[in-house]
Amino acid sequence: MSVQKEYDRMIEMEDNLGFDKYPLKDFDQIGRTNVRRLDGKEKASGRAEYTMDIQLPGMLYLKFLTSPYPHAEIKHMDTRKAEALPGVRGILRYDDPDLPEVADLGGHGPTAEKPVPKVAYFEGEPVGVAVVADSEGIAEEALRLIQVEWEERPFLLDVEKALETDAPLAHPEIYPENNLEVEHAETHGDVEKGLSEADRVVEFKVTRRLHTYVSPERPCGVVRWNGDYPEFWLKHQRPHENKRAISSWFDHIPMNRVEMHMPYQGGTFGGWTQFPWNQGPMYCAALLSKKTGRPVKYAFERRGDFYGGSMDEGNYHFRVGFNHDGTITAVEAKAHLSNPMWEGFGPGNHFEDNTRIPNLYAPRKVIKVNKGPNTAVRCEQLPNTMSFTLVMDRVAAELGMDPIEVAIKNDGAKGHDMQWLTERKAEVGFTPRDSLKECLEKGKAAIDWGNKWHPPGTHKLPNGKMHGIGFTWTHEWDDSCGSGEIAMRLERNDGTVSILGMRCDNGVNAETGYCQIAANELGMRLEDVFYRPHTDTGFFPMCPDSSTNTGVNGWAVRHCARLLKAKILEAATSPRAVTQRGMYPPHFPDMKPENLDIKDSIIFVKVDPSQKLSVAELVGTSAEAGPLSFHELYGAERHPFSIPLFAHAYQAQIGCYKGFRPKFCRQTHFMEVEVDTETGEITVTRVVNVNDVGKVISPESCAGQQYGGTYMGVGRALFEEVVHDPATGVMLNGNLLDYKIATIEDCQDIDTHLVETQQGYGPYGATGIGEDIATVVPALLAPAVYNAIGEWIYEFPITPERVLKALGKIEGE
Amino acid sequence: MKERTNKYLCPYCSTTFETFEDLKNHALAVHAGEPAPLPEGMIRLTLNGEKYQVQVQPEWTLNYLIHDKLGLTSPKMFCDRGACGSCTVIMNGRPILSCMALAIECDGNTVETAEGIADQEHPLVETYVKHHAMQCGYCTPGFITTAKALLDKNPDPAEAEIREALGGNLCRCGTYPQHPKAILEAAEILRDSEGGE
């Protein structure tokens, strides 16, 4: 394998239809169980360091003012009393003459935002002023001493009201015409024609109330200036974007002088990474640290964390045409989305990606209201998975059909059937397999579907509750639009491998997975490979450790390992050194690299494995003559020597959003519930997750995303709802007493299964899993509850109150 | 200068005296041989088996003292109001929320954190690693301390008892199903090692 060839492969992966054309034959480390987590001991002992744990000598604490009104402008502000408070070290006001009009605060690409705005568009928005003080307490006291004269403006919380012609403007400075930011539609075929030709048509409306991510570690950061250059500790998924933005804040400090650290992250789930405005406090911290000459830490309050929401909040209106045999002829899905970032997402994509439905019209209105911004919160596909589940299951229910039959009848892609999809699989080089059917077989057996599924509202349990069972499915979306780089080097003395890359760990055990890939590719023992996070060496993996570990970073690791292996074998067959006294012969004289291989960290001759040399012996020892330690004494070589071995590789992959890229891996999920028709309480008794991840790298880590996502999904479905007071626009439950997330008691039995059809665009045919389950599971509660009580509840979360309302036991809202 | 109105206060028993001489005589007569009394705000704590004597402010929580002042990173602030269990430490054998306890009220108490549990090589740490009973890891130390307190009290818990004990610990990554597995295995290791001794 030549180095040039491997570089050619990296380029090849930019192909939109790329797949793994050079798979491994043996998977000895990839897919292994019982691989010890690299982060395990640190995290279990509480010694793992998070940004919130960082404390530096002389550190100041930053607090920012938040708006008490959902829409208001600062007319006047008096900060004199705060300035006089002992312990206050700096104050940054919106009218500071040194502040730029706008700054790049990062987010989803470069942005132009006011770093300290004077207009608040939602209650709780950081606005007007930031204070740094010796303690959090003093900073809070200083904020209380600041007198602000506000001009309140009319506000909007409801998307439908925001669309009315005489509605006030929610963001007049940004959207001066009306509250409709933009309208987009996914469309193909002719929906009206499809509806008119259908045997039957069903129409229904759905509401998803606002929910949020609740990352355990709040948004936070620390900054310190070392001489003329800043050093940052950040909780963020995209350090490379922060670095770019930070440099721009200070007259474009050369990038090589901005130092970044990414400690472990206490949960991220997307969210904050995409908001520019939350970086406003970071901007203030950086400025005030420079002014005061002291380190500054900022952290959101727990309540502050609640202002960023999930982008599926809104109203949905469906019209669906279908035939008696279960084939769907047309889907119209109209969404009114509340404040989504980057122009919203869904609700039609999964009908495009997964079905042969010939006619689709899925417009979305992106509407501005006076609540916090909504973005991808594990994940942006929520509007799509919800629409898909509710449409598919509703059609089955209308026909009294098994929803699994409806799934099979409509599986396909882009309006085409399975034959077409099979051809596409073969075209890009996969060996076609029917992923949905494989996922269905496993799932049906695990949940005992044949015996458990029953007509709706017919199964009363001995405990008096109604039993329900639900099913849904969709594709695996590999979020592989991205790029990343990785480096590897062999340590001297023992020949162990260090993988070099920036850490951005939020818990999916990616670093261990990278080691498995590298060990497998290199022929090294797993214990000889280690992910050595380099805080700021410039090796930025893609969105490190969030959407695209396997899809992009897995490739980069694989390329890098192959390059390094080529270099090791080349070194083993090349002269080790040429000095003034002559040449030292190769370890394997008269051999070519292709004659050798590596297994268990031992280099050996393929035709005669008894001729061998450990990688440790190859690299040689380090001693008195320096780190590389080549030393001659009286003409004799004192220490074995070979050249330093280092490799660097990257992956730049065109993702699933750029043009059409058919998705071949499917997932199926099953849920059993018990519904108490007296109290409206729902108990989730069993969930079965089946995911075709293409190729498993770490079975336990995949399962972790399945049961973990199920818990998050169940909580979202049952009770997660951020409530705003309609009279004042103030958030009412921005804390974990009044906003419930799932506890261990909120879901009983979770059974996880994996399918490996190797039809993903990641290395070895793998695809992602982390976003999927938490995104698919919430809507699955609706068909399960329908099966229990015979009523559709289309308002999420499905609270006991809404159950009783559906049963006609209490009046509507 | 303001006239001194305070009488002389005995630092041992708070009895007041008119003159310093009276106080001195009282102290020698009644308190001779007792250890010197602590200044106001000074507390004694046994933390992970080590003795501490720390000056605290009245408003400091135990969490602030342990995490911010003593530098043990394991008690994590997640919810900020006693709703999540991430800051759980074991105090005098009971799991308590360190964000809801005032440090000044903890004088004389024995406190154990995840660091201490790890340092005594308690099997929970390894079984947590083995069963992936963690993802982002932020809430994990709070689970470890809750689980250790449970096993100290109940060496052979049923799964339902474990779930009930962990009912107050939030994990946003949803690692919940792994905790009973890790705790049951640790309990078994502990019972085996005790049986073998």
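Residues numbered from 1 in each chain as written. Chains lettered and ligands numbered in written order. Predicted model: local features only at pLDDT ≥ 70, side-chain atom pairs only at ≥ 80, totals over all residues.

For the rest of this paragraph, the subject is the overall build of chain B. The number of helices and strands found in chain B is seven helices and seven strands. Counting from the amino terminus, chain B carries its helices and strands in the arrangement β-β-α-β-β-α-β-β-β-α-α-α-α-α. What you see for chain B is a C-alpha radius of gyration of 22 Å, clearly larger than the 16 Å of a compact globule of 197 residues, by over 25%. Oriented by its inertia axes, the alpha-carbon framework of chain B measures out at about 65 × 40 × 25 Å. Looking at chain B as a whole, 46% of its 197 residues qualify as buried. A fraction of 58% describes how many contacts in chain B between residues 6 or more apart in sequence connect residues 24 or more apart. (Helix = DSSP H or I, 4+ residues; strand = E, 2+ residues; numbered from the N terminus. Rg over C-alpha atoms; globule rule 2.2 N^0.38 Å. Buried ≥ 20, exposed ≤ 12 C-beta atoms within 10 Å, placed from the backbone. Contact = placed C-beta atoms within 7 Å.)

As a further point, take the overall build of chain A. Counting secondary structure elements, chain A contains 21 helices and 33 strands. For chain A, whose C-alpha radius of gyration is 29 Å, the value lies close to the compact-globule estimate of 28 Å for 813 residues. Within chain A, contacts between residues at least 6 apart in sequence are counted, and of these 79% link residues at least 24 apart.

Residue and element names in this part refer to chain A. What the four strands build is an open sheet, ordered 21-20-19-29; its pairing is mixed. The strands lining the two open edges of the sheet, one partner per strand, are strand 21 (529-533) and strand 29 (646-653). Averaged over all pairs of adjacent strands, the angle between strand axes in this sheet comes to 25 degrees, irrespective of strand direction. Alignment of strand 19 (residues 482-490) against strand 20 (residues 497-501), held across four bridges, turns out to be antiparallel. Its bridge partner lying in strand 20, Arg 489 is registered against Ser 498. Packed onto the sheet, helix 16 (residues 510-522) meets strand 19, strand 20 and strand 21 and runs at close to 135 degrees relative to strand 21. (Pairing = 2+ DSSP bridges. Axes fitted to C-alpha atoms, helices over the stretch in contact; angles between N-to-C directions.)

Residue and element names in this part refer to chain A. For helix 4 (residues 136-145), the complete set of buried residues consists of Ile 138, Ala 139, Ala 142 and Leu 143. Down the axis of helix 4, the buried set is contained in an arc of 145 degrees. They therefore lie on one face. Next to the buried residues of helix 4 lie strand 1 (60-66), helix 3 (80-84), strand 3 (88-93) and strand 5 (126-133). (Arc of directions from axis to C-beta.)

Helix-helix packing: each pair is described by the crossing angle between the helix axes and the interaxial distance. Residue and element names in this part refer to chain A. The geometry of helix 11 (residues 382-399) relative to helix 12 (residues 403-410) is characterised by a closest axis approach of 9 Å and an angle of 120 degrees between their N-to-C directions. By the angle between their directions, the pair helix 11 and helix 12 is classed as oblique. Helix 12 is crossed by helix 11, and the crossing has right-handed handedness. When helix 11 is examined against helix 12, the residues Met 392, Asp 393, Val 395 and Ala 396 are found in contact with a partner set consisting of Pro 403, Val 406 and Ala 407. Grouping the constituent residues of the contact of helix 11 with helix 12 by class yields six nonpolar, no polar and one charged. (Parallel < 35°, antiparallel > 145°, perpendicular 65-115°, else oblique. Left-handed = near helix turned anticlockwise from the far one by under 90°. Nonpolar A, V, L, I, M, F, W, Y, C, P; charged D, E, K, R; others polar.)

Of the residues lining the interface, 44 residues belong to chain A; the matching set on chain B comes to 38 residues. Of all the elements in the fold, those that place two or more residues in the side of chain A that touches chain B are helix 2 (40-44) and helix 19 (699-718) of chain A. Element by element, the count of residues in the side of chain A that touches chain B is highest for helix 19 of chain A, at eight residues. Split into classes, the residues belonging to the side of chain A that touches chain B amount to 16 nonpolar, 16 polar and twelve charged.

Now for the environment of Glu 511 of chain A. All names here are of chain A. Here Glu 511 is to be found in helix 16. Residue classification places Glu 511 among the buried residues on the basis of 22 C-beta atoms within 10 Å. Taking the C-alpha atoms as reference points, Glu 511 and Met 255, separated by 256 residues in sequence, lie 26 Å from one another. Excluding residues that lie within four positions of it along the chain, Glu 511 makes contacts with Leu 38, Asp 39, Asp 505 and Tyr 531.

Here we come to the nonpolar core. All names here are of chain A. Core analysis: the biggest nonpolar cluster contains 274 residues, and Leu 62, Val 131, Ala 518, Cys 560 and Val 785 have the highest contact counts within it. If you tally residues by element for this core, the top one is helix 20 (residues 772-789), at 13 residues. Setting aside anything within four residues of it in sequence, one finds Cys 560 in contact with Ile 486, Ala 487, Met 488, Ala 647, His 648 and Ala 649. (Core = buried A, V, L, I, M, F, W, Y, C linked by C-beta atoms within 7 Å.)

Now for the pairing of strand 5 (residues 88-91) of chain B. Residue and element names in this part refer to chain B. With burial as the criterion, each face of strand 5 is covered, one bearing Thr 88 and Ile 90 and the other bearing Val 89 and Met 91. The turn linking strand 5 back onto strand 6 (residues 94-97) is made up of two residues, and Asn 92 within it adopts a positive phi angle of 50 degrees. Two strands pair when backbone bridges link them, and strand 5 and strand 7 (residues 109-112) are joined in this way by two bridges, in the antiparallel orientation. Paired with Met 91 across the bridge in strand 7 is Val 111.

This part is about the packing of helix 19 of chain A against helix 20 of chain A. All names here are of chain A. Two elements in contact, helix 19 and helix 20, have axes separated by 7 Å at closest approach and are oriented at 40 degrees. The angle between helix 19 and helix 20 places the two elements in the oblique class. Relative to helix 20, helix 19 is oriented so that their crossing is right-handed. Each of Gln 705, Gln 706, Gly 709, Thr 710, Met 712, Gly 713, Val 714, Arg 716 and Ala 717 in helix 19 lies in contact with helix 20, whose residues at this interface are Asp 772, Ile 773, Ala 774, Val 777, Pro 778 and Leu 781. Partitioned by chemical class, the residues of the contact of helix 19 with helix 20 number eight nonpolar, five polar and two charged.

Right, let's talk about the environment of Thr 146 of chain B for a bit. Residue and element names in this part refer to chain B. Here Thr 146 shows up in helix 5 (residues 140-153). Distance from Thr 146 to Leu 97, taken between C-alpha atoms, is 10.0 Å for residues 49 residues apart in sequence. Here Thr 146 is in contact with Gly 85, Thr 88, Pro 95, Ala 165, Leu 166 and Asn 169, once residues within four sequence places are set aside.

So, on to the sheet that holds strand 3 of chain A. All names here are of chain A. Ordered by their spatial adjacency, seven strands build an open sheet running 3-5-1-12-9-10-11, and the pairing between neighbours is mixed. Strands at the two margins of the open sheet, each flanked by one partner only, are strand 3 and strand 11 (259-261). Averaged over all adjacent pairs, the angle separating strand axes in this sheet is 20 degrees, with direction ignored. Summarising the sheet, strand 1 and strand 12 (residues 296-299) pair through three bridges and their orientation is parallel. Bridged to Leu 62 within strand 12 is Tyr 298. The strands that helix 7 (residues 239-249) touches are strand 10 (229-234) and strand 11; relative to strand 10, the one it contacts most, it runs at about 150 degrees.

Another aspect to go through is the environment of Met 77 of chain B. All names here are of chain B. Position of Met 77 among the secondary structure elements: in the loop between helix 2 (62-69) and strand 5. The spatial distance from the C-alpha of Met 77 to the C-alpha of Ser 98 is 9.2 Å, given a sequence separation of 21 residues. Other than its neighbours up to four places away in sequence, Met 77 contacts Asn 63, Cys 87 and Cys 99.

When the pLDDT values of chain B are averaged, the result is 94; 96% of them are 70 or greater. The complex prediction reports pTM at 0.95, with the ipTM value standing at 0.95. (pLDDT = per-residue confidence, 0-100.)

All names here are of chain A. Within strand 19, seven of the nine residues are buried, which leaves the element mostly enclosed by the surrounding structure. In the sheet, strand 19 pairs with strand 29 via eight bridges, with the strands oriented antiparallel. Along strand 29, the bridge assignment pairs Ile 486 with Ala 649. Joining the antiparallel neighbours strand 19 and strand 20 is a turn of six residues, in which Asn 493 adopts a positive phi near 75 degrees.

The next thing to look at is unusual backbone geometry. Residues and elements named next belong to chain A. Omega for the bond connecting Gly 346 with Pro 347 falls within 30 degrees of zero, at 5 degrees, which places this linkage in the cis form. Tracing the backbone through its elements, the reader meets Pro 347 in the loop between strand 15 (328-338) and helix 10 (349-354). Across the junction of Arg 378 and Cys 379, the peptide omega takes the value 0 degrees, indicating a cis bond. Mapped onto the fold, Cys 379 is located in the loop between strand 17 (374-375) and helix 11. Within the chain, Asp 448 stands out as a residue other than glycine whose phi angle is a positive 65 degrees. Inspection of the secondary structure assignment puts Asp 448 in the loop between helix 14 (435-447) and helix 15 (449-452). Positive phi, close to 50 degrees, is recorded for Gln 758, a residue that is not glycine.

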